[in-house]
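Okay, here's what each chain looks like letter by letter:
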Amino acid sequence: MNRIAIESDSLNSISTIKNGVPTNHPLVSAIKDILDRDWLWTLDHIPRQKNMAADWIAKCSCNQNRGLEILTTPPPGPFFYLTP
């Protein structure tokens, strides 16, 4: 894998990672170190309304056991956010 697309609904975070901060912030520095590796990446803002399903899945995963879990059917929660 040498290409990655990163999307976040936090415009502030996107701006901080792309433009840096006045002081040397350890988290921003760690993210930039990872992004400077040998791969192509994009970092884009996505509106919160369009990110609700991914946000629900991420929050739901915090309550699960660690490790790989293969789902045979999609979880029911995100469908609420996917309706037009």
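Our structure's up above, just so we're on the same page.
Only a predicted model underlies this, so the values are computations on that prediction, with no experimental measurement involved. (Residues numbered from 1 in each chain as written. Predicted model: local features only at pLDDT ≥ 70, side-chain atom pairs only at ≥ 80, totals over all residues. Heavy atoms only, no water.)

(A) Structural view of the overall build of the protein chain. Tallying secondary structure elements over the protein chain gives 4 helices and 2 strands in all. In sequence order, the secondary structure elements of the protein chain are arranged as β-α-α-β-α-α. Burial statistics for the protein chain: of 84 residues in total, 14% are counted as buried. Long-range pairs, those at least 24 residues apart, make up 72% of the contacts in the protein chain between residues at least 6 apart in sequence. Accessible area of the protein chain: about 7200 Å², with a carbon and sulfur share of 57%. (Helix = DSSP H or I, 4+ residues; strand = E, 2+ residues; numbered from the N terminus. Buried < 20%, exposed > 50% of the residue type's maximum accessible area, 1.4 Å probe, protein only. Contact = heavy atoms within 4.5 Å. Areas by Shrake-Rupley, 256 points an atom, 1.4 Å probe, with all protein chains shown as cover.)

(B) Just the pattern of salt bridges, in detail. In this structure the tally under the stated criterion is 1 salt bridge. Note that Asp9 is salt-bridged to Arg48, the shortest N-O span being 3.6 Å. Pair noted here: Asp9 is in the loop between β1 (3-8) and α1 (11-19) and Arg48 is in the loop between β2 (40-45) and α3 (52-61), with a separation of 39 residues, a long-range link. Using a relative accessible area of 15% as the deciding quantity, one classes Asp9 as buried. A relative accessible area of 51% places Arg48 in the exposed class. (Salt bridge = Lys/Arg side-chain N within 4 Å of Asp/Glu carboxyl O.)

(C) Molecular detail of the environment of His45. Within the element layout of this structure, His45 appears in strand β2. For His45 and Glu7, which are 38 residues apart along the polypeptide, the C-alpha to C-alpha distance reads 5.7 Å.

(D) Summary view of the side chain of Asp9. A distance of 3.2 Å separates a polar atom in the side chain of Asp9 from a polar atom in the side chain of Asn51. Beyond its immediate chain neighbours, meaning those up to four positions away, Asp9 contacts His45, Ile46, Pro47, Arg48 and Asn51. (Polar contact = N/O pair within 3.5 Å; in protein donor to acceptor, adjacent residues only side chain to side chain.)

Without other data, these values stay purely geometric and don't point to any function.
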